[in-house]
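Chain by chain, the residues run as shown.
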Amino acid sequence: MPPSASPTDWVRRAVVLTTLGVPVQLRLSAPTAAQADELAQAVRRAWAWTLIDALTDALTEPPVDASAGDPVDLDVPLLDDVETTLHHLSSALTLGVIERQAGRLWMLHAAALADPASGATVVLVAPSGTGKSTAARTLARRWGYVTDETAGIAADGRVVPHPKPLSIVRPTTTVKAQVSPADAGLVRPEAAPWLAGIAIIERDGASPVATTPVRTAVALARLGEQTSYVARMERPLSFMASLIERAGGVRLARYREAAELEPLVAELMERA
Amino acid sequence: MEPGVMEPGTVEPGTVEVRRVPVDDELLVDGELVVLRGQDVLVLSEVASGALDHLGSEVWTSLASLTDAVEARFGLPDEGAQAVFSLVSDLSDVGLVELRRG
């Protein structure tokens, strides 16, 4: 967030949630009670799938790693308006939880989709700004939405959800709207997600979708580029290679429209 | 970088010596060596992997000795010494070896 200090006479509200396996305490503030309530309501709506009643709920859940139990604590003063505040919050919160999980999870820049019943999860890896959100927004109408930003994968293959609001460009403003997954019509996974498949996606106009297997050494290089805090992991190459093997290897998928990736996602889920 | 160690791209064959730079992780996958240095993951060719095998990070190895080792392991074309020099120059450019004049 930009300047975290807000005037001491601002009205404060708290929202607690857990995402990417990390408990988060948001300390919201605004000049008036009405504005603070409006901000709190907007944050709760946007981050609805991550909300918890209290930090103790998150701290008593089986943690991915016990040392990730300390909450991220963020001050969230009202900026120009609620939309702008939500926009900055999304980045700050994501950076905060990624930093907290550095060295504990394999964190890929990826969209992830889960079979709602079995939890089998396909991770679609792509650099920022090249189609992750669109893929998630399109494909998570059929499969469960796990994330459109960062897939956190534990050594045992669990995929830790980061179901952040979707950032959607609106023609009337330069600030991306933060839309809750429910408001975007996405499916909420019921079963715990686990790694079933990995694909690198490239939106280069190929139609029909062209898929090719990527040999593991090259996959490590390609996925390493899209990994947060790769050097903080313990034996990162072995960690990643083991999970690549568990996923049955990595595919490269060149495509034009996100909807055309459906058969690939279905195949990777079914194979698992 | 120690005194005498040459900047990548500034070296010429002659009496060059080479040593490895420690990496953060490495893994042999289906015969290909993958290394992590900083945030970069690099896949090395079989010959580059073999050359690194012959080098230590504490001791300097002469280019002539390295050329002999690579030649014995892989065979080399007539311009072998130049080819090995080109190889270590590339490895120097990506930070996997250091070069100095012997």
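Scroll up to find the structure.
Residues numbered from 1 in each chain as written. Chains lettered and ligands numbered in written order. Predicted model: local features only at pLDDT ≥ 70, side-chain atom pairs only at ≥ 80, totals over all residues.

1. A few points about the overall build of chain B
Okay, step 1: A tally of regular secondary structure across chain B gives 3 helices and 7 strands.
Okay, step 2: Helices (α) and strands (β) of chain B occur, in sequence order from the N terminus, as β-β-β-β-β-α-β-α-α-β.
Okay, step 3: Every one of the 102 residues in chain B was classed for burial, and the buried ones make up 31%.
Okay, step 4: Restricting to contacts in chain B with at least 6 residues of sequence separation, those with at least 24 account for 61%. (Helix = DSSP H or I, 4+ residues; strand = E, 2+ residues; numbered from the N terminus. Buried ≥ 20, exposed ≤ 12 C-beta atoms within 10 Å, placed from the backbone. Contact = placed C-beta atoms within 7 Å.)

2. Re the packing of helix H2 (residues 63-74) of chain B against helix H3 (residues 80-93) of chain B
Residue and element names in this part refer to chain B.
Okay, step 1: The interhelical angle for the contact between H2 and H3, taken along N-to-C directions, is 105°, at an axis separation of 9 Å. On the basis of the axis angle, H2 is roughly perpendicular to H3. Between H2 and H3, the contacting residues are Leu63, Leu66, Thr67, Val70 and Glu71 on the first element and Gly80, Ala81, Val84 and Phe85 on the second.
Okay, step 2: Within the contact of H2 with H3, the residues separate by chemical class into 6 nonpolar, 2 polar and 1 charged. (Axes fitted to C-alpha atoms, helices over the stretch in contact; angles between N-to-C directions. Parallel < 35°, antiparallel > 145°, perpendicular 65-115°, else oblique. Nonpolar A, V, L, I, M, F, W, Y, C, P; charged D, E, K, R; others polar.)

3. Details of the sheet that holds strand S5 (residues 40-44) of chain B
Okay, step 1: Reading across the sheet, the 3 strands line up as S3-S4-S5 (chain B) and stay open at both edges, with antiparallel pairing between neighbours. Both outer strands of the open sheet, strand S3 (25-29) and S5 of chain B, are each paired with one neighbouring strand and no more. The mean inter-strand angle of the sheet, taken between neighbouring strand axes irrespective of direction, is 20°.
Okay, step 2: As paired strands, strand S4 (residues 32-37) of chain B and S5(B) are joined by 5 bridges and run antiparallel to one another. Directly across from B:Arg37, in S5(B), lies its bridge partner B:Asp40.
Okay, step 3: Each of S3, S4 and S5 of chain B is contacted by helix H5 (residues 216-225) of chain A, which is oriented at about 160° to S5(B), the strand it contacts most. (Pairing = 2+ DSSP bridges.)

4. Some thoughts on the environment of A:His87
Residue and element names in this part refer to chain A.
Okay, step 1: Relative to the helices and strands, His87 is located in helix H3 (residues 82-101).
Okay, step 2: For His87, a count of 21 C-beta atoms within 10 Å gives the class buried.
Okay, step 3: Remark: the alpha-carbon pair of His87 and Val175, spanning 88 residues in sequence, is separated by 6.9 Å.

5. A few points about the sheet that holds strand S2 (residues 22-30) of chain A
Residues and elements named next belong to chain A.
Okay, step 1: With mixed pairing, 3 strands are arranged side by side in an open sheet as S1-S2-S3. At either margin of the open sheet sits one strand with a lone partner, and together these are strand S1 (11-19) and strand S3 (72-77). On average, each strand axis in the sheet is inclined to that of its neighbour by 20°, with strand direction left out of account.
Okay, step 2: By the bridge criterion, 6 bridges tie S2 to S3 in an arrangement that is parallel. Following the sheet pairing, Gln25 is matched in S3 by Asp73.

6. Some details on the interface of chain A and chain B
Okay, step 1: Listed per partner, the contact involves 14 residues of chain A and 14 residues of chain B.
Okay, step 2: Among the secondary structure elements, those contributing two or more residues to the side of chain A that touches chain B are H5 and helix H6 (236-246) of chain A.
Okay, step 3: Top contributing element to the side of chain A that touches chain B by residue count: H5(A), with 6 residues.
Okay, step 4: Considered class by class, the residues forming the side of chain A that touches chain B number 9 nonpolar, 3 polar and 2 charged.

7. A few points about the packing of H5(A) against H6(A)
Residues and elements named next belong to chain A.
Okay, step 1: Put simply, H5 and H6 touch, their axes get as near as 10 Å, and they point 115° apart. Relative to H6, the crossing made by H5 is right-handed. Of the residues in H6, those in contact with Thr216, Ala219, Leu220 and Leu223 of H5 are Leu237, Met240, Ala241 and Ile244.
Okay, step 2: Taken together, the residues of the contact of H5 with H6 sort by class into 7 nonpolar, 1 polar and no charged. (Left-handed = near helix turned anticlockwise from the far one by under 90°.)

8. A closer look at unusual backbone geometry
Residue and element names in this part refer to chain A.
Okay, step 1: Cis geometry is found at the peptide bond from Ser207 to Pro208, where omega equals 0°.
Okay, step 2: The residue Pro208 is located in the loop between strand S11 (194-203) and strand S12 (210-214) in this model.
Okay, step 3: The backbone of Arg235 sits at a positive phi, close to 45°, despite the residue not being glycine.
Okay, step 4: Summarising the element assignment, Arg235 is placed in the loop between strand S13 (227-228) and H6.

9. Observations concerning the environment of A:Ile200
Residues and elements named next belong to chain A.
Okay, step 1: Its location among the elements puts Ile200 in strand S11.
Okay, step 2: Of the residues examined, Ile200 has 24 C-beta atoms within 10 Å and is grouped as buried.
Okay, step 3: Taking C-alpha positions, Ile200 is 9.9 Å from Pro213, a pair spaced 13 residues apart along the chain.
Okay, step 4: If we skip the residues at most four places from it in the chain, Ile200 touches Val125, Val214, Arg222, Val250 and Leu252.

10. So, the nonpolar core
Residues and elements named next belong to chain A.
Okay, step 1: The biggest cluster of nonpolar side chains holds 100 residues, and the ones touching the most others in it are Ala112, Leu113, Val123, Leu124, Val125, Ala199 and Ile201.
Okay, step 2: Of all the elements, strand S4 (residues 106-114) adds the most residues to this core, at 8 residues.
Okay, step 3: Residues within four places of Val125 in sequence aside, it is in contact with Leu108, His109, Ala110, Ile198, Ala199, Ile200, Ile201, Leu223 and Gln226. (Core = buried A, V, L, I, M, F, W, Y, C linked by C-beta atoms within 7 Å.)

Just distances and angles here, no functional claims.
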